[in-house]
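Each chain, written out:
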Amino acid sequence: MKTYLAVDLGGTKIAAALIRNNTIVRREQIETPSSQSPAALSDALKALLLPLSHEADSVAIASTGIIDNGALTALNPDNLGGLNNYPLQDVVADITGLETVAINDAQAAAWAEYKALCQPAENMAFITVSTGVGAGLVIDGKLLAGPRGVAGHAGHMLADPNGPMCGCGRRGCVESVASGRAIARAGEAYFAAGCSGYAVYQQFLAGDENAEAIIHRSAKAIANLIADLTISLDLDVVTLGGSVGLAENYLDLVQSYLSQLPAIYQPRLIPAVTGADAGLIGVTRWAEANT
Ligand SMILES: [Zn+2]
């Protein structure tokens, strides 16, 4: 039985786990270095991974950003600061001396969700509505990564041509109107400056009209994203995750907007089940099947 060292590299934390038979047997976590310097990230990865690597046969990485042939890049290079074009896969292979693969974290989570489906499906999208909006696609039973690792970045499909400027440089992406960050920014017009998306959401649950408009706008954008993906990819099922996606009443609200559309736009919409370790578990299951 092969033991994987799975790594989940996010904007705020780096998790690493030894995984055997799809079960986490040991898990460690550190904060992502805030300096965004390549050397600081390499040092952090070394400190985290070296003590675990001697127990592993292979490394599988799920990372934020676009993973283009093992290198970390971004739709908006400014978002990653000095980490754009960081050779993530090579760095980790050097640290551990082990065979290493890397894919995007939403793609990894999508694969975990696909493997967790109770009812089999050919085509599935996983959409996470959190600080940003991410997605992963499984088509004909295979995870779609794309030749440059870009596939599934559906949070940057158009929601509103007159909407806010998105971090990727395009105006009105789904992420710019539906994400937790977008909810927080929209809430600043009505609530305390610097209020969080969570705080706006609590106002929505309490029945505040302005918060209701903001959350409805988010849910409607996600419903339209699901409809667009469904009509272009013939999806059977969409799983919705993330801190906003799984917030109280949010999925029901998305479903209510989706239900207003013709039936052909409506896949089965279900909550994501794999939780915080979806990236770790998903990339391991993907590595098992692809290496
Ligand atoms: Zn965008």
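Reading the values: the criteria
Residues numbered from 1 in each chain as written. Predicted model: local features only at pLDDT ≥ 70, side-chain atom pairs only at ≥ 80, totals over all residues. Heavy atoms only, no water. Helix = DSSP H or I, 4+ residues; strand = E, 2+ residues; numbered from the N terminus. Polar contact = N/O pair within 3.5 Å; in protein donor to acceptor, adjacent residues only side chain to side chain. Contact = heavy atoms within 4.5 Å. Phe/Tyr/Trp six-rings, centres within 6.5 Å; stacked < 30°, edge-to-face > 60°. Buried < 20%, exposed > 50% of the residue type's maximum accessible area, 1.4 Å probe, protein only.

Per an unreviewed UniProt entry, the protein is named N-acetylmannosamine kinase, and its organism is Photobacterium proteolyticum.

J.: How would you explain the side chain of T96 if you had to name every residue and give the values?
T.: Mapped onto the elements of the fold, T96 is located in helix α2 (residues 88-96). Among the polar contacts listed, one links the side chain of T96 to the backbone nitrogen of L98, at a separation of 3.2 Å. Dropping the residues within four chain positions of it, T96 is found in contact with L5, L49, S53 and V59.

J.: So what about the packing of aromatic side chains? Which residues, and what values?
T.: Scanning the entire structure with this criterion turns up four aromatic pairs. When the ring of W111 is compared with that of Y114, the centres are 5.4 Å apart and the planes differ by 20 degrees; the resulting orientation is stacked. Here Y114 and W111 lie together in helix α3 (residues 105-116), a separation of three residues that amounts to about one turn. The class for W111 is buried, based on a relative accessible area of 6%. On the basis of relative accessibility, which here comes to 15%, the residue Y114 falls in the buried class. Here the aromatic rings of Y201 and F204 are separated by 5.1 Å at their centres, their planes lie at 70 degrees, and the arrangement is edge-to-face. Placement of both Y201 and F204 in helix α6 (residues 197-205) is noted, with a separation of three residues, approximately one turn of the helix. Classification of F204 as buried rests on a relative accessible area of 10%. Among the aromatic residues, those joined into a ring-pair cluster are Y201, F204 and Y250.

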